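# Analysis of the macromolecular model
Here is what each chain is made of, one letter per residue.
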Amino acid sequence: MARPTRPELSEFAGPSRKRSKVLGVILSICLLISYFVFFSRMITLTTRFAIDLVLFKAQKLGQWKDILMWFHNSPQPTMRFIVLTAFAFCATVFSQSPQVDSFLATQGPIAKAGMLANIGPSGSKSSGAKAGIVIASPSSSNPNYLFTWTRDSSLVYKTVIDQYTRGEDTSASLRTTIDQFVSSQAALQQVSNPSGTVSSGGLGEPKFNVDMSAFTGAWGRPQRDGPALRATALITYANWLIANSNTSYVTSILWPILKLDLDYVASSWNFTGFDLWEEVSSSSYFTSAVQHRALREGATLATKIGQTSVVSGYATQANNVLCFMQSYWNPAGGYMTANTGGGRSGRDANTALASIHTFDASAGCDSVTFQPCSDKALSSLKVYVDSFRSIYAINSGISANAAVATGRYPEDSYFSGNPWYLTTLAVAEQLYDALIVWNRQGSLNVTTTSLAFFQQFLPSVTVGTYASTTATFAAVTDAVKNFADGTVAIVAKYTPANGGLSEQYSKSNGVPTSATDLTWSYASTLTAIAARNGVVLSGWGAQGLTVPSTCGGGSSGGGGGSATVQVTFDVKATTVFGENIYLTGSLPQLQNWSPDNAMLMSAENYPTWSITVSLPASTTFQYKYVRKFNGAVTWEADPNMSNTTPSSGASTLNDIWR
């Protein structure tokens, strides 16, 4: 006998009597199966059929919205409550996602082994890297990632240090590799490089050779997130050491490293630099967010160990960064713009990564610090995810409110612009973090900003606060958990059988591509698993912060500064392949007329080259553009151009190369 065809949910749009009858059958089946699963703890073919029938297939979620809307419009409030509660209970039973559980149980150890294999000197794929040095990937061609990036290394070691300090892995070998990281970073800070020396900007150098020598090739430099991320990793270690009666190591070994990084952040946070994707030179939200975190927790640690002379300066600059962070918000688009320059839409994994790497559960759903469950972070996440629904073939046919593969940003063309494992996992991690806070505080809040995010899961939801005792809370949190698990399931689907994680997977067929065994991909798997398991890391000081009424600029040594404004420089200049346009001028923020340290402009809108710089308000300055090609430097013709910055806001200067 042929197997009966599974009914499509579109059939539920018929006459109300037929619809009510069908829904009654579904509810009965769902509740009976829930009862069976609860007592037997078995997943049978019957439950799988019920899951299909009741809608937990991503492709049917859109039709599910019609059913929920019918419930919402029902004239019987009691019936609505019963139905919603019943389905929430069913969702709770079926949201255990056995496939995701199984995948992560297997993938977790693989990810940890893959991560440690890329750390020198003993990692099996570390390719001769020095002790404590993290290689981005063992891939040495197409692309060549056999280097060590300060950003990647710091994020990886934050994961390692978290596992050690929370007692998940207290092995002597892990402690040894942490101490080797400390030593390697102390040495790298002193390596002179194309960005400068330790005292003249060299801490902003993004990457080094694996033997700890300077990489002197052309690159997008400086990148100012590395020192902040390194400080955060080491501060986590420092706090654990202090709690375990080893303050002397913190003051004698860690603090000198930390102070160099924190001083750099305090003095240069309002200078432009390349973003975490190494493509856009401007101000970047991810960079600003991690700089703010580092300064906050740096000031707290300094107080703890008696280094009080820097506390005021760090706190002042942290307030200035926090103020500046608010300027990235795009209220019309409902998302946090990734960069102040670059000519793209600004929808970017940059901001989701910023949210999860500055997560502080004690801050709740604070939007000022862009916490994962804040209305701005949730709205921004939806806009980011939705931007990939129609541009990847592997997302074709998936409902508009179901999980999809995501990449760096929708305009990406690197390796033809594919989804990345770490960016897809970031979506899941942000939602797991949000669930942690909602469950801890026993409620969730829907605002006009986040309404679209919540309505994709429950169309009937309205603006308001929903306690954990309500059916709405249960329905929404279950749906969010299922969406997060669905995102992980996408990663599982396109992870090869051996668990190896490349940088990207093809937008056409999901085949892994670009650099193999990307260390950051493995680390992102481990942090997502921790978030899914409800792990709450120590806070960093985000709780209760308020935005200063005026923004200030940075100054050397972490001191206070005057108000700043954003000035965008646009110049039309035609170039030959390999030739670039730079900006320099009479202010420290414009590199004091230094052609060597002149700031590379973005050619995103060629022939217009662009860069946005934070400059002191109400200040007159001079500037010029510089060409660099094959080592030759060509200055723009005289005279110097002059301008005065406004007292507030922003301005744009439109020039033509002379």
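Because the structure is predicted, anything quoted here is derived from the model rather than measured.

## With respect to the overall build of the protein chain
A count of helices and strands for the protein chain gives 17 helices and 19 strands. Counting across all 658 residues of the protein chain, residues that qualify as buried make up 58%. As displayed, the protein chain has an accessible area near 25,500 Å², and 55% of this comes from carbon and sulfur atoms.

## Concerning the pattern of salt bridges
Tallied over the entire structure, the rule returns 25 salt bridges. Ionic pairing is found between Asp-517 and Lys-125, a salt bridge with its closest N-O pair at 2.9 Å. Taken together, the residues Asp-517 in the loop between strand S10 (512-513) and helix H17 (519-532) and Lys-125 in the loop between helix H5 (98-117) and strand S1 (148-149) connect sequence positions 392 residues apart. You can call Asp-517 buried: its relative accessible area is 15%. For the salt bridge of Arg-151 with Glu-278, the shortest nitrogen-to-oxygen distance reads 3.6 Å. In this pair, Arg-151 sits in helix H6 (residues 150-165) while Glu-278 sits in the loop between strand S3 (273-274) and strand S4 (281-282), placing the two residues 127 residues apart along the sequence. Neither Arg-151 nor Glu-278 differs from the other in exposure class; each is buried. Within the structure, one salt-bridge network assembled from shared partners comprises Asp-275, Glu-279, Arg-344, Asp-348, Arg-408 and Asp-412.

## Notes on the pairing of strand S11 (residues 564-572)
Here S11 lies mainly inside the structure; eight of its nine residues are buried. Note: S11 against strand S15 (residues 608-616), nine bridges, orientation antiparallel. Bridge pairing in S15 links Gln-566 to Ser-614. Here seven bridges tie S11 to strand S19 (residues 650-656), and the two strands are oriented parallel to one another.

## Some points on the UniProt feature "active site" (unreviewed entry) in the protein chain
Per the UniProt entry, the sites bearing "active site" (unreviewed entry) are Asp-275 and Glu-278 in this numbering. Following the sequence through the fold, Asp-275 ends up in the loop between S3 and S4. In this structure Asp-275 comes out as buried when scored by relative accessible area, which is 0%. Ignoring any residue separated from it by four or fewer positions in sequence, one finds Asp-275 in contact with Arg-151, Gln-223, Val-280, Ser-284, Asn-339 and Arg-344. There is a polar contact of 2.6 Å between the side chain of Glu-278 and the side chain of Trp-149.

## Remarks on the state of the cysteines
If you walk through the whole model with that rule in mind, you get one disulfide. Residue Cys-365 pairs covalently with Cys-373 via a disulfide, S to S 2.0 Å. Measuring handedness by torsion sign, the sulfur bridge of Cys-365 and Cys-373 sits at about -105° and is left-handed. Taking relative accessible area as the criterion, Cys-373 reaches 5% and is therefore assigned buried.

## Thoughts on the side chain of Ser-281
As for its placement among the helices and strands, Ser-281 is situated in strand S4. A polar contact of 3.4 Å, which involves the side chain of Ser-281, links it to the backbone oxygen of Leu-600. Residues in contact with Ser-281, not counting those within four places in the same chain, are Thr-272, Gly-273, Phe-274, Leu-600, Ile-611 and Thr-612.

## Some remarks on the environment of Thr-564
Along the chain, the position of Thr-564 falls in strand S11. The spatial distance from the C-alpha of Thr-564 to the C-alpha of Ala-617 is 4.8 Å, given a sequence separation of 53 residues.

## Re the packing of aromatic side chains
To describe a pair of aromatic rings, you give the distance between the ring centres and the angle between the ring planes. The tally for this structure, following the rule as stated, stands at 30 aromatic pairs. Centre to centre, the rings of Tyr-237 and Trp-240 are 6.4 Å apart; their planes meet at 10°, and the pair counts as stacked. With a gap of three residues between them, Tyr-237 and Trp-240 both fall in helix H8 (residues 226-243), about one helical turn apart. Taken together, the ring pairs in this structure connect Tyr-145, Phe-147, Trp-149, Phe-215 and Trp-219 into an aromatic cluster. One cation-aromatic arrangement involves Lys-207 over Trp-219; the distance from NZ or CZ to the ring centre is 3.3 Å. Note that Arg-344 overlies the ring of Tyr-409, its terminal NZ or CZ placed 3.5 Å from the centroid.

## Some details on the sheet that holds S19
Strand-to-strand pairing in sheets goes through backbone hydrogen bonds, with the strands running parallel or antiparallel. The strand order across the open sheet built from four strands is S14-S15-S11-S19, with neighbouring strands paired in mixed fashion. The open sheet has two edge strands with one neighbour each: strand S14 (602-605) and S19. Taken over all neighbouring pairs, the strand axes of this sheet differ in orientation by 35° on average, direction set aside.

## Considerations on the confidence of the model for the protein chain
Of the residues in the protein chain, 84% reach a pLDDT of 70 or more, and the chain-wide mean stands at 87. Low confidence marks residues 1-23, where pLDDT is under 50. Its contacts with residues over four positions away, or in another chain, come to 24 contacts.

## Some remarks on the side chain of Thr-487
Positionally, Thr-487 belongs in helix H16 (residues 471-493). Aside from chain neighbours lying at most four places away, what touches Thr-487 is Ala-403, Thr-424, Val-427 and Ala-428.

## Re the packing of helix H12 (residues 349-357) against helix H14 (residues 421-441)
H14 packs onto H12 with a crossing angle of 45° between their chain directions and a minimal axis gap of 9 Å. Considering their axes alone, H12 and H14 lie oblique with respect to each other. When you trace H12 past H14, the crossing you get is left-handed. From H12, Ala-349, Ala-352, Leu-353, Ser-355 and Ile-356 reach across to H14, where they touch Leu-422, Thr-423, Ala-426, Glu-429, Gln-430 and Asp-433. Considering only residue class, the contact of H12 with H14 consists of six nonpolar, three polar and two charged.

## Here we look at helix H13 (residues 375-386)
Helix length check: H13 (twelve residues) gives 17 Å between terminal C-alpha atoms against 16 Å at 1.5 Å per residue, within 8%. Those residues of H13 that fall on the buried side of the exposure criterion are Asp-375, Ala-377, Leu-378, Ser-379, Ser-380, Leu-381, Tyr-384 and Val-385. Buried residues along H13 sit in contact with strand S5 (329-330), strand S6 (335-336), H12, H14, helix H15 (451-455) and H16.

## So, helix H7 (residues 172-189)
The end-to-end C-alpha distance of H7, which contains 18 residues, comes to 26 Å, matching closely the 26 Å that a straight helix rising 1.5 Å per residue would cover. Of the residues making up H7, those classed as buried are Leu-174, Thr-177, Ile-178, Phe-181, Val-182, Ser-184, Gln-185, Leu-188 and Gln-189.

## Quick notes on the environment of Ala-428
Within the secondary structure, Ala-428 is located in helix H14. Overall, Ala-428 belongs to the buried group, its relative accessible area being 0%. As a C-alpha pair, Ala-428 and Lys-481 span 53 residues in sequence and 8.7 Å in three-dimensional space.

## Here's the deal with unusual backbone geometry
For the bond from Gly-120 to Pro-121, the omega torsion is 5°, close enough to zero to count as cis. Mapped onto the fold, Pro-121 is located in the loop between H5 and S1. Cis geometry marks the peptide bond from Asn-142 to Pro-143; its omega dihedral reads 5°. For Pro-143, the location among the structural elements is in the loop between H5 and S1. Of note in this structure, Ser-127 is not a glycine but carries a positive phi near 55°. In this structure, Ser-127 sits in the loop between H5 and S1. In this model, Ser-514 sits at a positive phi of 65°, which is unusual for a non-glycine residue.

Procedures and definitions
Residues numbered from 1 in each chain as written. Predicted model: local features only at pLDDT ≥ 70, side-chain atom pairs only at ≥ 80, totals over all residues. Heavy atoms only, no water. Helix = DSSP H or I, 4+ residues; strand = E, 2+ residues; numbered from the N terminus. Buried < 20%, exposed > 50% of the residue type's maximum accessible area, 1.4 Å probe, protein only. Areas by Shrake-Rupley, 256 points an atom, 1.4 Å probe, with all protein chains shown as cover. Salt bridge = Lys/Arg side-chain N within 4 Å of Asp/Glu carboxyl O. Pairing = 2+ DSSP bridges. UniProt positions renumbered as here; feature names shortened; annotations may be inferred. Contact = heavy atoms within 4.5 Å. Polar contact = N/O pair within 3.5 Å; in protein donor to acceptor, adjacent residues only side chain to side chain. Disulfide = S-S within 2.5 Å. Phe/Tyr/Trp six-rings, centres within 6.5 Å; stacked < 30°, edge-to-face > 60°. Lys NZ or Arg CZ within 6 Å of the ring centre and 35° of its normal. Axes fitted to C-alpha atoms, helices over the stretch in contact; angles between N-to-C directions. pLDDT = per-residue confidence, 0-100. Parallel < 35°, antiparallel > 145°, perpendicular 65-115°, else oblique. Left-handed = near helix turned anticlockwise from the far one by under 90°. Nonpolar A, V, L, I, M, F, W, Y, C, P; charged D, E, K, R; others polar. Expected span 1.5 Å × (residues − 1).

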